[in-house]
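Close look at the chain arrangement
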Amino acid sequence: MMRLFLLGVLMLGGCSSFDAHSFDRSAGWRAAEVVSVGRADELAATADRDCGSDGGAAAPYAVVRYRNTGVHSRSLGTGRWPAGARLNVGDAVEVNVLDCAVPLALPGQSGSSSGTPSR
(Lines give C-alpha, C1' and ligand atoms only; values in the text may rest on other atoms or scores of the structure.)
Protein backbone atom coordinates (compact mmCIF):
# COMPACT_ATOMS: atom_id res chain seq x y z
CA MET A 1 0.00 0.00 0.00
CA MET A 2 2.83 2.38 0.87
CA ARG A 3 4.49 1.64 -2.47
CA LEU A 4 1.36 2.69 -4.37
CA PHE A 5 1.18 5.91 -2.38
CA LEU A 6 4.82 6.74 -3.09
CA LEU A 7 4.39 5.91 -6.76
CA GLY A 8 1.39 8.24 -6.95
CA VAL A 9 3.30 11.06 -5.25
CA LEU A 10 6.22 10.64 -7.65
CA MET A 11 3.91 10.68 -10.68
CA LEU A 12 2.12 13.83 -9.54
CA GLY A 13 5.41 15.52 -8.70
CA GLY A 14 6.72 14.76 -12.18
CA CYS A 15 3.68 16.34 -13.80
CA SER A 16 3.82 19.48 -11.71
CA SER A 17 7.51 19.97 -12.41
CA PHE A 18 6.83 19.62 -16.15
CA ASP A 19 4.17 22.35 -15.99
CA ALA A 20 6.47 24.59 -13.98
CA HIS A 21 8.96 24.62 -16.87
CA SER A 22 6.54 25.39 -19.68
CA PHE A 23 6.04 28.80 -21.24
CA ASP A 24 3.08 30.88 -20.08
CA ARG A 25 0.29 29.95 -22.49
CA SER A 26 -2.06 32.60 -21.07
CA ALA A 27 0.50 35.27 -22.03
CA GLY A 28 0.36 34.07 -25.65
CA TRP A 29 3.31 31.66 -25.81
CA ARG A 30 2.99 28.63 -28.09
CA ALA A 31 5.44 25.88 -29.02
CA ALA A 32 6.36 26.22 -32.69
CA GLU A 33 8.64 24.79 -35.36
CA VAL A 34 10.65 26.78 -37.89
CA VAL A 35 9.38 25.87 -41.38
CA SER A 36 11.20 28.49 -43.51
CA VAL A 37 14.27 30.70 -43.11
CA GLY A 38 15.25 33.41 -45.56
CA ARG A 39 14.80 37.12 -46.22
CA ALA A 40 11.78 39.12 -45.11
CA ASP A 41 10.89 40.22 -48.66
CA GLU A 42 10.85 36.58 -49.86
CA LEU A 43 8.93 34.94 -47.02
CA ALA A 44 6.54 37.49 -45.46
CA ALA A 45 3.72 36.70 -47.89
CA THR A 46 3.91 32.96 -47.10
CA ALA A 47 2.87 33.34 -43.45
CA ASP A 48 -0.70 33.52 -42.17
CA ARG A 49 0.43 36.47 -40.03
CA ASP A 50 3.39 38.73 -40.78
CA CYS A 51 4.99 40.26 -37.69
CA GLY A 52 7.55 42.17 -39.73
CA SER A 53 11.24 42.65 -39.28
CA ASP A 54 13.37 45.30 -37.62
CA GLY A 55 15.98 45.17 -40.37
CA GLY A 56 13.97 45.83 -43.53
CA ALA A 57 13.33 43.66 -46.57
CA ALA A 58 16.76 41.98 -46.61
CA ALA A 59 16.72 41.09 -42.89
CA PRO A 60 16.80 37.45 -41.80
CA TYR A 61 13.25 36.18 -41.42
CA ALA A 62 11.67 32.95 -40.19
CA VAL A 63 8.23 31.45 -40.66
CA VAL A 64 7.14 29.25 -37.76
CA ARG A 65 4.17 26.92 -37.47
CA TYR A 66 2.21 26.54 -34.22
CA ARG A 67 -1.09 25.15 -32.96
CA ASN A 68 -3.41 27.56 -31.22
CA THR A 69 -6.34 25.27 -30.56
CA GLY A 70 -7.68 22.25 -32.37
CA VAL A 71 -5.96 20.27 -35.07
CA HIS A 72 -5.16 23.04 -37.55
CA SER A 73 -1.86 24.86 -37.36
CA ARG A 74 -1.14 28.48 -38.21
CA SER A 75 2.02 30.20 -39.35
CA LEU A 76 3.63 33.41 -38.21
CA GLY A 77 6.55 35.17 -39.87
CA THR A 78 9.02 37.35 -37.99
CA GLY A 79 12.45 38.84 -38.21
CA ARG A 80 12.63 39.12 -34.43
CA TRP A 81 14.86 36.25 -33.34
CA PRO A 82 16.47 35.41 -30.00
CA ALA A 83 19.69 37.41 -29.53
CA GLY A 84 22.60 35.68 -31.26
CA ALA A 85 20.49 32.75 -32.51
CA ARG A 86 20.86 31.06 -35.87
CA LEU A 87 17.58 29.42 -36.77
CA ASN A 88 17.26 26.47 -39.13
CA VAL A 89 14.27 24.67 -40.60
CA GLY A 90 13.05 22.12 -38.05
CA ASP A 91 14.25 24.04 -34.98
CA ALA A 92 11.89 24.16 -32.01
CA VAL A 93 11.05 27.68 -30.81
CA GLU A 94 8.42 29.44 -28.72
CA VAL A 95 6.34 32.18 -30.32
CA ASN A 96 4.15 34.81 -28.68
CA VAL A 97 0.98 34.92 -30.76
CA LEU A 98 -0.44 37.91 -28.85
CA ASP A 99 2.48 40.33 -29.25
CA CYS A 100 4.33 40.64 -32.57
CA ALA A 101 7.01 42.87 -31.02
CA VAL A 102 8.29 40.01 -28.86
CA PRO A 103 11.11 38.00 -30.45
CA LEU A 104 10.95 34.24 -30.81
CA ALA A 105 12.31 32.37 -27.80
CA LEU A 106 14.33 29.18 -27.57
CA PRO A 107 12.72 26.39 -25.50
CA GLY A 108 15.46 26.49 -22.84
CA GLN A 109 15.26 30.26 -22.44
CA SER A 110 13.80 31.71 -19.26
CA GLY A 111 12.55 35.05 -18.13
CA SER A 112 9.79 36.65 -16.16
CA SER A 113 9.34 40.20 -17.42
CA SER A 114 6.42 41.11 -19.65
CA GLY A 115 6.79 39.74 -23.15
CA THR A 116 9.38 37.14 -22.24
CA PRO A 117 8.66 33.50 -21.65
CA SER A 118 7.94 32.85 -18.02
CA ARG A 119 8.98 29.66 -16.35
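See above for the structure.
Residues numbered from 1 in each chain as written. Predicted model: local features only at pLDDT ≥ 70, side-chain atom pairs only at ≥ 80, totals over all residues. Heavy atoms only, no water.

1. Here we look at the sheet that holds strand β2 (residues 49-50)
In a beta sheet, neighbouring strands are held together by backbone hydrogen bonds and run either parallel or antiparallel to one another. Strand order in the open sheet made by the five strands is β2-β4-β3-β1-β5, with mixed pairing throughout. One side of each edge strand has no neighbouring strand; the edge strands of this open sheet are β2 and β5 (92-96). Summarising the sheet, β2 and strand β4 (residues 73-78) pair through two bridges and their orientation is parallel. Along β4, the bridge assignment pairs Asp50 with Gly77. (Pairing = 2+ DSSP bridges. Helix = DSSP H or I, 4+ residues; strand = E, 2+ residues; numbered from the N terminus.)

2. Description of the environment of Tyr61
One can find Tyr61 in strand β3 (residues 60-67). Distance from Tyr61 to Leu87, taken between C-alpha atoms, is 9.3 Å for residues 26 residues apart in sequence. A distance of 2.4 Å separates a polar atom in the side chain of Tyr61 from a polar atom in the side chain of Asp50. (Polar contact = N/O pair within 3.5 Å; in protein donor to acceptor, adjacent residues only side chain to side chain.)

3. Some details on the nonpolar core
Ranked by internal contacts, the top residues of the largest apolar core, which has 13 residues, are Val64, Leu87, Val93, Val95 and Leu104. Elements that contribute at least two residues to this core include exactly β1 (29-39), β3 and β5. Ranked by residues supplied to this core, first place goes to β3 with three residues. Membership of the second largest hydrophobic core comes to five residues, among which are Leu43, Ala47, Tyr61 and Val63. (Core = buried A, V, L, I, M, F, W, Y, C linked by side-chain atoms within 4.5 Å. Buried < 20%, exposed > 50% of the residue type's maximum accessible area, 1.4 Å probe, protein only.)

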